[in-house]
Amino acid sequence: MATMTAPAVSAPKQKKARIVGVDVARGLAIIGMFIAHLGLERSTEFFSTTGWFWLADGRPSALFATLAGTGLAFMTKRAYANGDEAEYAVQRSRLLKRSAILMVLGWALTAMGTPVAVILGAYALLFVLAIPFLRMGPTALLAWSAAVAVVMPSLVLLSRHAVLGGTSPDVYAYTDTGGVALIIPVVADLWSGYYPALSWVLYILVGLAVGRMPLRRWTTALGLLVGGALVAAAGYLPGLALERSTGGLVQDLVTIEPHSNTTFEMLGNVGFAVAVLGLCLLLTTSVPPMRVILTPVSAMGAMSLTVYSAHIVYIAVLGREAVYNPESNWPLIWLTLASLVFATIWQLTLGQGPLERLLHRMIRPRQQQPPPSPGHGPWQQHPQQGSQPQAQQPWPPQHQQWPPPQGQAPQQWGQPQQTPPR
């Protein structure tokens, strides 16, 4: 008599641990934004207490946008690995929902009237612009990034000059046409301001390419550190030389001034961002104690949306003069310390950040009910909630013979059988 074996039950998939180096880099980007908005540089010597503050001019936001691309690679990892069309559709839907929520949140933070250029609106458009590139591998993404770096910054700046008469990020504020563009959020975030998405798509494409790489390997981290430093030098050094030897519109197209959004400045920024990410990955993979030491920074990076939004509210409470004419660095120090402590305690006790958790709930796809098993009719009684489901049995049962041997009664299977199955 054959024996019936229960179907194998697969163990639940273990969720991979976060790549701490990415969170550390994102945390450093947030701290850099704090410095850019509230920092008071009292000394110009690099190794003085505040002499290095110039590093926070324009680069933290570029690092933030690059890491958005890396996060996008994590988000679409399974779809990219399997080429699963259904999974791609799910992730596209999530990205569109995320973009809509970030756009609304960006409007709300901007409405607080702080002198800070809120980046969330540009973020929202960058996610949408990245959708056609989700299927590409690192090589194709880097090729597209190079094309964007060469073409889009100059195209955006020249069109801005033609329409508004200047290329600076706030030139729209001086003309009626710019005022009209400013009140059309998508137009403003695509083309004008400090974060024109048509140019800034460079950052998210590079971040997406980096996210497709094996970031848990120290060799990858070292390659990103060295390669990023070389790219940064290839952007900043020629741009600085051209800036000093030109003038007028030509200078506006080659300068490396923060937020000038020229090809040279953006190339330097993206190299800087990749190098910082490589360094953070190298420290957290090759020097295990650094994962613990940098926990407050990585915790803040893991809930960057919450911390970024909170710092805009903090600046609104302080007032505009805290940004335009800071009197000391104490507002910056208190903001940084409070953010590090809050993020660490929250992550250790509650896990995902408050706004991150809310966003996840708003964009996650609805859970679909599994289809009924074969042979289950609508009249069949379902197991009670919380009870252990019984293993599915084959039909007809493998161990039951039909007709039964002479002189032997039919075996029971659920209900007494009167006739053989047809």
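Here's a quick rundown of the structure.

Procedures and definitions
Residues numbered from 1 in each chain as written. Predicted model: local features only at pLDDT ≥ 70, side-chain atom pairs only at ≥ 80, totals over all residues. Heavy atoms only, no water. Salt bridge = Lys/Arg side-chain N within 4 Å of Asp/Glu carboxyl O. Buried < 20%, exposed > 50% of the residue type's maximum accessible area, 1.4 Å probe, protein only. Helix = DSSP H or I, 4+ residues; strand = E, 2+ residues; numbered from the N terminus. Axes fitted to C-alpha atoms, helices over the stretch in contact; angles between N-to-C directions. Parallel < 35°, antiparallel > 145°, perpendicular 65-115°, else oblique. Left-handed = near helix turned anticlockwise from the far one by under 90°. Contact = heavy atoms within 4.5 Å. Nonpolar A, V, L, I, M, F, W, Y, C, P; charged D, E, K, R; others polar. Core = buried A, V, L, I, M, F, W, Y, C linked by side-chain atoms within 4.5 Å. Phe/Tyr/Trp six-rings, centres within 6.5 Å; stacked < 30°, edge-to-face > 60°. Lys NZ or Arg CZ within 6 Å of the ring centre and 35° of its normal.

### Overview of the pattern of salt bridges
Tallying each qualifying case throughout the model produces four salt bridges. A salt bridge links Asp 23 to Arg 18, with the nearest nitrogen and oxygen atoms 2.7 Å apart. Looking at Asp 23, the relative accessible area reads 5%, which means it is buried. For Glu 87, the salt bridge goes to Arg 78, with nearest N and O atoms at 3.0 Å. A relative accessible area of 11% places Glu 87 in the buried class. Connected through salt bridges with shared partners, the residues Arg 18, Asp 23 and Arg 26 form a single ionic network.

### Focus on the environment of Val 292
Along the chain, Val 292 falls in helix H13 (residues 289-293). A residue is classified by how much of its surface remains accessible, and Val 292, at 62% relative accessible area, is exposed. Measuring from C-alpha to C-alpha, the distance between Val 292 and Val 20 comes to 9.9 Å, with 272 residues separating the pair along the chain.

### Points about unusual backbone geometry
For His 259, which is not glycine, the phi torsion reads 65° and is therefore positive. Following the sequence through the fold, His 259 ends up in the loop between helix H11 (248-254) and helix H12 (263-286).

### Describing the packing of helix H15 (residues 304-318) against helix H18 (residues 354-363)
Between H15 and H18, the least distance of the axes is 6 Å, while the angle of their chain directions is 120°. On the basis of their axis angle, the class for H15 and H18 is oblique. Considering the relative orientation of H15 and H18, their crossing is right-handed. Of the residues in H18, those touching H15 at Ser 304, Leu 305, Thr 306 and Ser 309 are Pro 354, Leu 355, Glu 356 and Leu 359. Its residues placed into classes, the contact of H15 with H18 shows four nonpolar, three polar and one charged.

### Some thoughts on the nonpolar core
Across soluble globular proteins, you tend to see nonpolar side chains buried next to one another. In terms of nonpolar packing, the biggest core is built from 95 residues, with Leu 72 and Ile 204 touching the most fellow members. Other than its neighbours up to four places away in sequence, Leu 72 contacts Leu 95, Phe 127, Ala 130, Leu 134, Ile 204 and Leu 208.

### Describing the packing of aromatic side chains
Aromatic ring pairs are defined here through the distance separating the ring centres and the angle between the ring planes. Using the criterion set out here, one finds 10 aromatic pairs in the structure. Measuring from centroid to centroid gives 5.8 Å for Tyr 123 and Phe 127, while their planes differ by 80°, and the two rings are edge-to-face. One end of the pair is Tyr 123 and the other is Phe 127, both in helix H5 (residues 120-130) and four residues apart, which spans about a single turn. When sorted by exposure, Tyr 123 lands in the same class as Phe 127, which is buried. Consider the rings of Tyr 194 and Tyr 195, whose centres lie 6.4 Å apart with planes at 50°: the pair is tilted. With a relative accessible area of 11%, Tyr 195 lands in the buried category. One aromatic cluster is present, built from ring pairs that chain together Phe 64, Tyr 123, Phe 127 and Tyr 308. Of note, Arg 135 hangs over the ring of Tyr 88, and the distance from its end group to the ring centre comes to 4.2 Å.

Interpretation in functional terms is not warranted from these geometric data alone.
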